Amino acid sequence: MTDKSASDQISLGLGTDKRQGQLGTFLGVFTPTILTILGVIMYLRFGWVVGQVGLSTTLIIVLLANSITIATAFSLSAVATNSRVGVGGAYYIISRSLGVEIGGAIGLPLFLSQALSVTLYAFGLAESLRIVWPEIHVPTAAFVIIILVGLLSFKGAMIALKAQIPVMLMIGISILALAGGTFLNPHVTTLPSPQEIPPAASFWGVFAVFFPAVTGIMAGLSLSGDLADTRRAIPRGTLLAALTGLLVYLLLPILLHFGADRATLLTEPLVWTKISLLGPWLVLPGLWGAIFSSAVGSMLGAPRTLQALSLDRLTPLRLAGKVRGGEEPVLGMAVTVSLSLLAVFLGDLNTVATVVTMFFLSVYGIINLVATLEYLSGNPSWRPTLEVHWSISLLGAFGCFGVMVLIHWPSTIAALAIEFILWLWFRRQTRLSSWGDLRRDLYESLIRWALIRLSRHPLTARNWRPHLLVFVRDIEQRLNLVRFASWFSEDRGVVTVSEMVIGDVLTTDMDYTERQSFLQNVLDREGIVAFGEVNVVQDVERGILAVSQANGMAGLESNTIMLGFPEDQERLAIFLKTLRSLQRLKRSLVIGKIERLRAPREGVPRIIHVWWGGLKRNSDLMLLLSYLLTCNSEWRDARIRILSIASNELMKAHTEQALACLIPQIRIDADIEVTVRGGKENIQDIIRQKSFAADVVFLGLATPEEGKEEEYALRLQNLVEFLPTCFLVNNGSLFIGELITPDESAATVQEKPPADDAVPQAESNREPA
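Description of the structure in this document. (Residues numbered from 1 in each chain as written. Predicted model: local features only at pLDDT ≥ 70, side-chain atom pairs only at ≥ 80, totals over all residues. Heavy atoms only, no water.)

Next up on the list: the pattern of salt bridges. Overall, the coordinates contain 15 salt bridges when judged by the stated rule. Its salt-bridge partner being R515, residue E499 comes within 2.6 Å of it at the nearest N-O pair. One end of the pair, E499, is in strand 2 (residues 495–502); the other, R515, is in helix 20 (residues 512–525), and 16 residues separate them in sequence. For R515, a relative accessible area of 23% corresponds to the partly exposed category. Among the salt bridges present, the one from E673 reaches K690, with a minimum N-O distance of 3.0 Å. Of this pair, E673 sits in strand 8 (residues 670–676) while K690 sits in helix 26 (residues 683–691); the two residues are 17 residues apart in sequence, bridging distant segments of the chain. The exposure class of K690 is partly exposed, given its relative accessible area of 32%. (Salt bridge = Lys/Arg side-chain N within 4 Å of Asp/Glu carboxyl O. Helix = DSSP H or I, 4+ residues; strand = E, 2+ residues; numbered from the N terminus. Buried < 20%, exposed > 50% of the residue type's maximum accessible area, 1.4 Å probe, protein only.)

Applying the stated criterion across every chain yields a total of 18 aromatic pairs. Between F203 and W204, the ring centres sit 5.1 Å apart and the planes meet at 85°, which makes this aromatic pair edge-to-face. Ring pairing ties together the aromatic residues F484, W487, F488, W635, F698 and F727, which thus form one cluster. Sitting over the face of the ring of W48, R45 holds its NZ or CZ atom 4.8 Å from the ring centroid. (Phe/Tyr/Trp six-rings, centres within 6.5 Å; stacked < 30°, edge-to-face > 60°. Lys NZ or Arg CZ within 6 Å of the ring centre and 35° of its normal.)

Moving on, we get to the side chain of T273. In this fold, T273 is placed in helix 13 (residues 271–275). Of the polar contacts made by the side chain of T273, one reaches the backbone oxygen of L270; its length is 2.6 Å. Apart from residues no more than four positions distant in its own chain, T273 is found in contact with G279, P280 and V283. (Polar contact = N/O pair within 3.5 Å; in protein donor to acceptor, adjacent residues only side chain to side chain. Contact = heavy atoms within 4.5 Å.)

On the surface, E567, D568, E570 and E710 cluster together into a patch of negative charge. Among the secondary structure elements, D568 is positioned in the loop between strand 4 (560–564) and helix 22 (569–577). (Patch = residues over 30% accessible without salt bridge, like charges linked within 9 Å, V, L, I, M, F, W, Y side chains within 5 Å. Areas by Shrake-Rupley, 256 points an atom, 1.4 Å probe, with all protein chains shown as cover. Lys, Arg positive; Asp, Glu negative; His and termini not counted. Charge placed at Lys NZ, Arg CZ, Asp CG, Glu CD.)

With that settled, the discussion passes to helix 5 (residues 90–98). Of all nine residues in helix 5, eight are buried, a share of seventy percent or more. Residues A90, Y91, Y92, I93, I94, S95, S97 and L98 constitute the buried set of helix 5. Taken from the residues just after helix 5, G99 is the one with a positive phi, measuring 110°.

With respect to topology, ten strands assemble into an open sheet ordered 3-2-1-4-5-10-9-6-7-8, the strand pairing being mixed. Among the strands making up the open sheet, the edge pair consists of strand 3 (531–537) and strand 8. Strand after strand, the sheet turns through a mean of 25° between neighbouring axes, direction not considered. Strand direction decides the pairing type here: strand 1 (residues 468–472) and strand 2, joined by five bridges, are parallel. (Pairing = 2+ DSSP bridges. Axes fitted to C-alpha atoms, helices over the stretch in contact; angles between N-to-C directions.)

The subject of this paragraph is unusual backbone geometry. Unlike most non-glycine residues, L278 shows phi in positive territory, near 65°. With respect to the helices, strands and loops of the structure, L278 is situated in the loop between helix 13 and helix 14 (284–311). Given the relative accessible area of 61%, L278 is considered exposed. Not every positive phi belongs to a glycine, and R313 is a case in point at roughly 60°. In this structure, R313 sits in the loop between helix 14 and helix 15 (330–344). Classification of R313 as exposed rests on a relative accessible area of 51%.

Quick look at the packing of helix 2 (residues 25–37) against helix 11 (residues 230–259) now. Contact geometry for helix 2 and helix 11: axes closest at 8 Å, N-to-C directions at 30°. In terms of orientation, helix 2 lies roughly parallel with respect to helix 11. Handedness of the crossing formed by helix 2 with helix 11: right-handed. Of helix 11, the residues touching helix 2 (which contributes T25, V29, F30, T33, I34 and I37) are R232, A233, I234, R236, G237, T238, L240, A241, A242, T244, G245 and Y249. Its residues assigned to classes, the contact of helix 2 with helix 11 comprises ten nonpolar, six polar and two charged. (Parallel < 35°, antiparallel > 145°, perpendicular 65-115°, else oblique. Left-handed = near helix turned anticlockwise from the far one by under 90°. Nonpolar A, V, L, I, M, F, W, Y, C, P; charged D, E, K, R; others polar.)

A few words now on the nonpolar core. Counting 115 residues, the largest nonpolar core has F210, Y249, L252 and W272 as the members making the most contacts within it. Sort the elements by how many residues they give to this core and helix 4 (residues 46–82) lands first, with 15 residues. Sequence-distant contacts of L252, that is, excluding residues within four places in its chain, are made with M42, F46, I175, L178 and W272. Of all hydrophobic cores here, the second largest spans 45 residues; its members include L481, A530, M562 and I640. (Core = buried A, V, L, I, M, F, W, Y, C linked by side-chain atoms within 4.5 Å.)

Right, let's talk about a nonpolar patch on the surface for a bit. Together, L112, L339, L342 and F345 make up an exposed nonpolar region whose accessible area comes to about 400 Å². As for its placement among the helices and strands, L342 is situated in helix 15. Look at L342 and you get exposed, because its relative accessible area is 55%.

Along an α-helix, residues three or four apart share an orientation, since each turn contains 3.6 residues. Here helix 18 (residues 438–455) is 18 residues long and its end C-alpha atoms lie 26 Å apart, about the 26 Å a rise of 1.5 Å per residue gives. Here helix 18 has its buried residues at L438, D441 and L451. Looking straight down helix 18, one finds that the buried residues subtend no more than 160° of arc, so they occupy a single side. Structural note: helix 18 exposes R440, Y443 and L446 on the side pointing more than 90 degrees away from its buried face. (Expected span 1.5 Å × (residues − 1). Arc of directions from axis to C-beta.)

Everything listed here is a matter of geometry and, on its own, says nothing about what the molecule does.
Below, the structure is given as structure tokens:
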């Protein structure tokens, strides 16, 4: 495939599955779907439903149940008309929309449910044979029925589905026989004993019994890989079958109500045979055919679900993805038959049947959610030819999950717990899918929604968060700098790592996408939560300013620029030249000199020194960064010590009193140490002496006068030469005095700094080095 065709598929939202089947709308979708809907419950339990709640309430139950399944039918039809549905049906839709791990968590239980359904239908058919053969051994008969169903399915979907057309005719004849008996035969009455009449059931109890009758709408979807045109066949066949089923289920309660009295409906499971023309002879073939066709539908669907799971490498049975003659998943069929036969030996399958129903309903609910989220995400590739409003799909989803609870809440919890455990497993095991999914669309829509609203709220000191932009030449050489940036952010802000490349975009010999992917892989490998990007710039100074301005959007831009302390003085002078421009842009600058950190000693906390100056008001950002550093688990035991230099004892007392008032108000636990500077003592020597044993040191960074950047760079190099890991901080924030003390009472304390000569030398460029 050429790059152009690939990009066209991405922009137009087209699928890449080129496999074409042969089945059309009627045989491939309508036939298996309607035969699954008009199943065993219609024959054996519908009379009980009418007897329990009466005709009018039964019609309400039918309309309510069908509203949920028809909403689901519209949802899956919308998805099917948006893109070709590949092999796997419901699994394919879910995995391509919500991700392969969610698809696997739903798809594997779906496969097992389809396989176990074959056994359940086989048992139902075997038990119904007792009507004419009372001595039949049910497990043996079920075993034989499964083998027959398997042999028919091995012949191929086309042959198996054509064999079901006579079954459809038999079901139609049985319904006509019921209608004829209602109008031509006398009204059937029974006088059962009180013990024979079952206890009254609630509305929702009766609803729970009836609802599984209408849950066959995805029988045709399971054969999606065999359809010639999924966009046409799935919506037409599914909706036509669902609406046909609705009409039949609206007619049958009327026929049953007028064909027999309430006592007969309650006590006689085969009430159809009592009402119909010719008794059981026109009804039983329809009953047996309905059960057998449902088993065939499950036998055809399960291997194809397993095939799709295997193609996505979610099962150890990789060969299950292979097909025979380009059509039939032979190994998948063998696995399905084997599981169905093994389930015969489980004996009582009533509990299993309830959990199986929960799995099917969870699939229906997820399909509705997919259609809802696709609509709401605003993805341009979501252009279904059959448009369904998101509220219909959302109501369908709520209906499915609500019915799960109504039918049997313990089974609901069991089914959801199994799916959740499988999701956790697949999340750890699976690789990223190459086709993309709905989650990115949702994230982008959510981000857009949040950014629009964020832009409408002005930024204040209370809302300030550290969004750091870290510049590196080679990320692997500056990993410790990036790690500190992550610690300063502490999951409160956004960290972006920009690897700057000096050159021209057109002439630089670099694969930018590959390099950015490498950058992100390094960050992920190191467990650093940050975004990596590669920027080609003409020179360092202009590159820092250009990327700083371009980074971020809608009020969520980087506010703190972080650079590594360079080895050469010239490069440090270039960094200092950006200070005035960065301050104009309201960006703070942090230059970090990272030394090998001392290993923490047991019982001895790490020490963080913050040199408090006051005149340039960098101290508030330094103190905030030191606090954020201690919020990280690796620095949680660290102690913050605020140090300051006073020219005399009077200034020392004043500074200690000011800091003692400030510390409780800013709610940061810190020690205070004020040193009186002797007449001939050098401030640099005091800083080195006091902070030599510290783990991290924060110093203020002044803005040098224009043209004196190299002179200031030399002084900085001399100052930090013998210091441990240290950070030079220049606060260019919009809220210079409010980051730590947003309230006025606290801010006034900071407005009374020590005298000029008490400011550490890194904070002022007015004193000689």
